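Inside the fold
Letter by letter, the chains look like this.
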Amino acid sequence: MVPGAARSPAAARELTLRVFLLGLLLSAVMGAANVYLGLKAGMTVSASIPAAVVAMLILRGLLRTGTLLEANQVQTAASAGESLAAGIIFTLPALVLLGLWTEFPWWTTTLIALSGGVLGILFMIPMRRVFVLPSNDPDNELAFPEGVACARVLEAGDRGEGGAGDAWTIVWGALLGAAVKGLTSVVTLVRATVEGAVTAGGSVLYYGADISPALVAVGFIVRLNVAALIFIGGALAWLVALPILSAADASAEPALDQAWSLWSGQIRYIGVGAMVVAGLASIVKVRRSLLAALRELRRRPDAHATTDDRDRDLPGAAIAGLAALAILIVGGLYFHLTGDLPITLATTVIMVILAFFLTAVASYIVGLVGNSNSPVSGMTITAVLVTGGLLLLFGFTGEDGILATLGVAAVVCCVACTSGDVCNDLKTGSLVGATPWRQQVMQIAGVAIAAGVMAPVLNLLHETWPLGSRELSAPQAQLFASLASAFFGEGTLPRDMVYAGAALGAAILVLDGFLARRGATFRAHLMPIAVGMYLPFGLATPILLGGLMAHALARGTKTHDEAESRLSRGVLFGSGLIAGESLMGVGVALLFQFGLAELDTGLSDLVRDLVSIGAGLAILVLYRVAARRRAA
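Residues numbered from 1 in each chain as written. Predicted model: local features only at pLDDT ≥ 70, side-chain atom pairs only at ≥ 80, totals over all residues. Heavy atoms only, no water.

A few points about the overall build of the protein chain
Of regular secondary structure, the protein chain possesses 23 helices and two strands. For the protein chain, with 632 residues in total, the buried portion stands at 58%. Put simply, of all contacts in the protein chain between residues at least 6 apart along the chain, 85% involve residues at least 24 apart. (Helix = DSSP H or I, 4+ residues; strand = E, 2+ residues; numbered from the N terminus. Buried < 20%, exposed > 50% of the residue type's maximum accessible area, 1.4 Å probe, protein only. Contact = heavy atoms within 4.5 Å.)

As structure tokens, this is what we get:
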């Protein structure tokens, strides 16, 4: 549909009761699934496309009367749950890891998620014309890859293409993902990780791979460039730094224990240094666009003053009122956490400034590389460093400093995640002729529902698999806990590792600049490499395999659109894998709380390793078959 074209009464149906209810249900489901995925893998993927397919199936396939615009509103709400999950899981678990919380209190967690998510939406609304409308991007730099792809999925469903077949692709993927998770966690037949380490010449040599359909799907969705960079980061940490440092380590531990001890205590902090550099570089990179956005905003004092419904945002008074209420809630939360009025005032002001600034950064980067590839971790690291440094400068110390720093990081991370998501959804809406203010209403509603889901799911997962364990490594939360403890607590960072990571990050930036000038198709983006260093190596292997599969499937296509069309079925199948494994993970945790115990098969470790490798190969084969069915 071309924006501005006349719409029939049926086509004009957009924000209806059934859309509202379905969107909120999917927001809660996607939020719960991404809590598990983010704690396990340290990343989430966009829920827009699978939610759009499910919405089209239900509205057009089952109810027979749904419209493209109704389906767009459903995916708008659903993606809000996914984006909010990322904002919460990257930060609040740090409070549990530091022992400041023993569980996730519902009211505090919900209000942090709700206020941060709403602020991300409201701060982004005045920037819609700056980033979303092509007339304000003369260089055509912001391609919005995921927003455009979601619009094409909606339009194809509206024409009757794909339909039930696409939805069943997601269902079959979900069943496979759930089955493998069940065999891993309930029936101890398949190992979650197949790994091993040996000592050779005084050095520890390690390799491992997780048996996870969701991680293969993540690699397929983010494509080979990002998947390879994550693997390169893991290889630098585990295959290069580990043998070097273990040669100088006189530990008598078994090789596997020594590998994990060196990585967790030293090597992963190389990734911290690289992440800091990546976060600062991402802000420097968008400085000109930010200045242009501010100039554009000054020329548009009232974004909703228009007679065209498809160019109208929420009224300015509503935006200002809701933003003021959210900021007051955040201030109240900070006082509740610290009990100190000066620190509350300081952190609230810091939060507002950082949140508005990073809204623009996140919106720009989503337009550039997509929602799944947005370096939110780097932005949040910047928030932690700025907040911690300013609070130290103001003389705040101890537990209050930690709580205040992580409180700012939590809200700012929710703002960055949600603002990027709403920018992406508004781009999709502009392509299919949706009404911006109605999408903004659905985003706020989706955030409100998803916010209430975060604490129960986090508590359930933490009680089953403690945060920081192999099952739920929570890499970003561990990082922020270490940074906050180093600022205000008794913790220390291995500064030599951080400095080495910063130097390595600077060198990678130079390399990426060289590749950009040469017009290379493969880029050395720093953030995925840094994330790979900070993740357990077992996660990098299936992600790389998924990226290689996507590359092989797209090989031989002549245009970007042709490649995306060929890969579309694999994306849907992968989305199902992620949802199935993640929701089964939440379900298994619930069953364990009701007394279900693991069913021990009694097999030897060698047999389980062989079965696990076979299961991993079966996942790859099934994924390839499912992905190629349409391509053929």
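Some points on the state of the cysteines
Tallied over the entire structure, the rule returns zero disulfides. We note that Cys 417 lacks a disulfide partner, and the nearest cysteine sulfur, in Cys 413, lies 4.2 Å from it. We classify Cys 417 as buried; its relative accessible area is 7%. (Disulfide = S-S within 2.5 Å.)

Observations regarding empty space enclosed by the protein
This structure, assessed with the given rule, holds one cavity of 30 Å³ or more. Roughly 60 Å³ of volume is contained in the largest cavity. In this structure, the largest cavity is lined by Tyr 36, Lys 40, Val 180, Lys 181, Thr 184, Ala 192, Ile 211, Ser 212, Glu 471 and Glu 581. Where the lining of the largest cavity is concerned, the elements lending two or more residues are α2 (17-41) and α9 (164-185). (1 Å grid on protein atoms, 1.4 Å probe; cavity = no way out; pocket = protein on both sides within 12 Å on 5 of 7 lines; lining within 4 Å. Points joined across faces, edges and corners; volume = space filled by probe spheres on them.)

Brief notes about the environment of Ala 563
Of note, Ala 563 is situated in helix α22 (residues 560-593). Overall, Ala 563 belongs to the buried group, its relative accessible area being 12%. When near neighbours in sequence (up to four residues on either side) are disregarded, Ala 563 contacts Ala 554 and Thr 557.

Brief notes about the side chain of Asp 512
In this structure, Asp 512 sits in helix α19 (residues 495-517). The exposure class of Asp 512 is buried, given its relative accessible area of 11%. A distance of 3.0 Å separates the side chain of Asp 512 from the backbone nitrogen of Ala 524, its partner in a polar contact. Not counting residues up to four positions away in its chain, the partners in contact with Asp 512 are Arg 523, Ala 524 and His 525. (Polar contact = N/O pair within 3.5 Å; in protein donor to acceptor, adjacent residues only side chain to side chain.)

Quick word on the packing of helix α8 (residues 145-158) against helix α16 (residues 398-432)
As a packed pair, α8 and α16 sit with axes 8 Å apart at the nearest point and diverge in direction by 45°. What the angle tells us is that α8 and α16 run oblique. Judged by the sense of rotation from one axis to the other, the crossing of α8 with α16 is right-handed. Between α8 and α16, the residues in contact are Glu 146, Gly 147, Val 148, Cys 150, Ala 151, Leu 154 and Glu 155 and Asn 424, Thr 428, Leu 431 and Val 432, respectively. Partitioned by chemical class, the residues of the contact of α8 with α16 number six nonpolar, three polar and two charged. (Axes fitted to C-alpha atoms, helices over the stretch in contact; angles between N-to-C directions. Parallel < 35°, antiparallel > 145°, perpendicular 65-115°, else oblique. Left-handed = near helix turned anticlockwise from the far one by under 90°. Nonpolar A, V, L, I, M, F, W, Y, C, P; charged D, E, K, R; others polar.)

A short note on the side chain of Ser 27
With respect to the helices and strands, the residue Ser 27 is situated in helix α2. Exposure remark for Ser 27: the relative accessible area of 0% places this residue in the buried category. Here the side chain of Ser 27 touches Gly 81 through a polar contact of 3.4 Å, landing on its backbone nitrogen. Discounting chain neighbours no more than four positions away, the residues touching Ser 27 are Ala 77, Ala 78, Ala 80, Gly 81, Gly 446 and Ala 450.

Focus on the nonpolar core
Of all hydrophobic cores here, the largest spans 182 residues; its most connected members are Val 35, Leu 39, Trp 238, Met 351, Leu 461 and Phe 480. Apart from residues lying up to four places away in sequence, Met 351 is in contact with Leu 119, Val 330, Tyr 334, Val 408, Val 411 and Val 412. One finds Leu 26, Ile 49, Ala 77 and Val 432 within the second-largest nonpolar core, a separate group that totals 26 residues. (Core = buried A, V, L, I, M, F, W, Y, C linked by side-chain atoms within 4.5 Å.)

Re the layout of surface pockets
Unoccupied space between atoms shows up once a probe the size of one water molecule is rolled over them. The volume enclosed by the second largest pocket comes to roughly 500 Å³. Taken together, 28 residues make up the lining of the second largest pocket; nearest its centre are Ala 192, Thr 193, Ser 469, Arg 470 and Glu 471. Elements represented by at least two residues in the lining of the second largest pocket include exactly α9, β1 (193-200), β2 (203-210), α11 (255-285) and α21 (537-554). Examining the composition of the lining of the second largest pocket, we find that four residues originate from one element, α11, more than from any other. Taken together, the residues of the lining of the second largest pocket break down into nine nonpolar, ten polar and nine charged.

Section: a nonpolar patch on the surface
Among the surface-exposed residues, Tyr 207, Ile 232, Leu 236, Leu 239, Val 240, Ile 244 and Phe 522 lie close enough to one another that they form a single nonpolar patch of about 580 Å² accessible area. The dominant element in the nonpolar patch, judged by the number of residues it contributes, is helix α10 (residues 213-247), at five residues. For Leu 239, the position within the fold is in helix α10. Overall, Leu 239 belongs to the partly exposed group, its relative accessible area being 38%. (Patch = residues over 30% accessible without salt bridge, like charges linked within 9 Å, V, L, I, M, F, W, Y side chains within 5 Å. Areas by Shrake-Rupley, 256 points an atom, 1.4 Å probe, with all protein chains shown as cover. Salt bridge = Lys/Arg side-chain N within 4 Å of Asp/Glu carboxyl O.)

Here's the deal with helix α4 (residues 68-89)
The end-to-end C-alpha separation of α4 is 32 Å, in line with the 32 Å expected for 22 residues at 1.5 Å each. By the criterion of burial, α4 is predominantly enclosed, with 22 of the 22 residues buried. (Expected span 1.5 Å × (residues − 1).)

Quick look at the pairing of β1
When β1 meets β2, the two strands line up antiparallel, connected through eight bridges. What sits directly across from Glu 195, in β2, is Gly 208. What sits between β1 and β2 in their antiparallel hairpin is a turn of two residues, with Gly 201 showing a positive phi close to 65°. (Pairing = 2+ DSSP bridges.)

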